[in-house]
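Notes for the structure review
Letter by letter, the chains look like this.
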Amino acid sequence: MIAQRTVKTQIRTTGVGLHTGERVNLTLRPAPPETGIVFRRIDLPAPADFLVAPERVTDTRLCSALEGNGAKVATVEHLMSALAGLGIDNVFIDIDGPEVPILDGSAAPWVYLVQAAGIETLNAPKRFMRVLKTVRIEEGEGANHKWAQFDPLEGCTLSFSIDFDHPVFRNSAKEMHIDLSRESYVKEVSRARTFGFMNEVEYLRSKGLALGGTLDNAIVMDEFRVLNNDGLRYADEFVKHKVLDAVGDLYLTGHPILGAFTAYKSGHGLNNRLLRALTEDASAWEWAVFETDAKTPPALLRLYPQTI
Ligand SMILES: [Zn+2]
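Residues numbered from 1 in each chain as written. Predicted model: local features only at pLDDT ≥ 70, side-chain atom pairs only at ≥ 80, totals over all residues.

1. Quick look at the overall build of the protein
For the protein, the count of helices and strands is seven helices and 19 strands. A globule of 308 residues ought to have a C-alpha radius of gyration of about 19 Å, and the protein, at 19 Å, matches this closely. Considering only C-alpha atoms, the protein reaches an extent of 55 × 45 × 35 Å along its principal axes. Looking at the protein as a whole, 42% of its 308 residues qualify as buried. (Helix = DSSP H or I, 4+ residues; strand = E, 2+ residues; numbered from the N terminus. Rg over C-alpha atoms; globule rule 2.2 N^0.38 Å. Buried ≥ 20, exposed ≤ 12 C-beta atoms within 10 Å, placed from the backbone.)

Structure, rendered in structure tokens:
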């Protein structure tokens, strides 16, 4: 059986929010089967919690922010990406502020945190959303044209293309294709950091945003080059980060998607529109569980080797 997972023990981290610059504490706690991924604002007069869901996304300008039961939690995507990459289905996420800590700007610290807590296999089948037909969303025209789509596949793959008119991007791959059952999310994706441009940072700060942003939690470029002393972690770190974001954005149903995701210049907003287009069309997907290995697609046996 491909089983649901949670964290083995409670574990906590502290850091600043990228946009608020405020220090926050975040605790991951084990949760029973069929709980899902639940955010809980513990700093509010009456603690408020909500289950992640695509329709809870309220702000996608610079990050994916979720809102439910009067509570808002921003910049959830790198944590969600790590939870997706490690196959965590059920967890309580307690947070004492409005924004998830940015840590190093990638998903790697979240991967380490979950691995340090340990992963517990639960006695309930993992529920996948199987894509049954092509679902595509497009936006803009000419230089602003962007699109994202799902296609049926008995596996989990992502293909992403970016196109930035900037000297740094001429030497960095513009495309990435990853079959998560053959290449490691942890090794190939999780370490890729957020990136931004110096002139944007100055503009964002003037609007009271990116207040926690530093060269320790983002790749920052001026008009010509990367300003971080240590350069890039991967030669194609930019497109890898877009894949990292997409993995997180597409996990806001709380369930892995059995299908192929392909995108050109997509971002949080378009990823969310695509996810909603899928979930709102009852003919576009179905639930899939795998109780016996004989009936499990080989890609999923590779991706989730700890079967019980
Ligand atoms: Zn990101």
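2. Regarding helix α4 (residues 198–206)
With respect to burial, α4 is a largely exposed element, only zero of its nine residues being buried. Two residues or fewer after α4 comes G208, characterised by a positive phi angle close to 80 degrees.

3. Regarding unusual backbone geometry
The residue E34 is not glycine, and still its phi comes out positive at about 65 degrees. The topology assignment puts E34 in the loop between β3 (23–30) and β4 (37–41). For E34, a count of 11 C-beta atoms within 10 Å corresponds to the exposed category. Backbone geometry at L103 places phi at a positive 50 degrees, although glycine is not the residue there. Here L103 shows up in the loop between β9 (91–95) and α2 (108–117).

4. A word on the domain arrangement of the protein
Taken domain by domain, the protein comprises domain 1 (3–125) and domain 2 (128–303). On a C-alpha basis, the centroid separation for the pair domain 1 and domain 2 is 18 Å. Between domain 1 and domain 2, the residue contacts involve 35 residues of the former and 35 residues of the latter. Those elements that place two or more of their residues in the side of domain 1 that touches domain 2 are α1 (77–85) and α2. Looking at the side of domain 1 that touches domain 2, the element that brings in the most residues is α1, giving eight residues. (Domains from an automatic or database assignment. Contact = placed C-beta atoms within 7 Å.)

5. Description of the environment of F290
Of note, F290 is situated in the loop between β19 (285–288) and α7 (298–303). Those residues in contact with F290, other than ones at most four positions away along the chain, are M1, I2, P125, K295, T296 and L300.

6. As for the sheet that holds strand β7 (residues 65–68)
The strand order across the open sheet built from three strands is β6-β7-β8, with neighbouring strands paired in antiparallel fashion. Because the sheet does not close on itself, it has two edges, and the strands there are β6 (57–59) and β8 (71–73). For this sheet, the mean angle separating the axes of adjacent strands, direction not counted, is 35 degrees. Relative to β8, β7 runs antiparallel, the two being bridged by three bridges. (Pairing = 2+ DSSP bridges. Axes fitted to C-alpha atoms, helices over the stretch in contact; angles between N-to-C directions.)

7. As for the sheet that holds β3
In spatial order, the strands read β2-β3-β9-β4-β5; together these five strands make up an open sheet with mixed pairing. Only two strands of the sheet have a single neighbouring strand rather than two, namely β2 (11–16) and β5 (48–51). Across the sheet, the mean angle separating the axes of adjacent strands is 20 degrees when strand polarity is ignored. Looking at chain direction, β4 and β9 are connected through five bridges and run parallel. Residue pairing for β9: R40 is matched across the bridge by D94. Strand contacts of α2: β2 and β3, with the helix running at about 160 degrees to β2, the strand carrying the most contacts.

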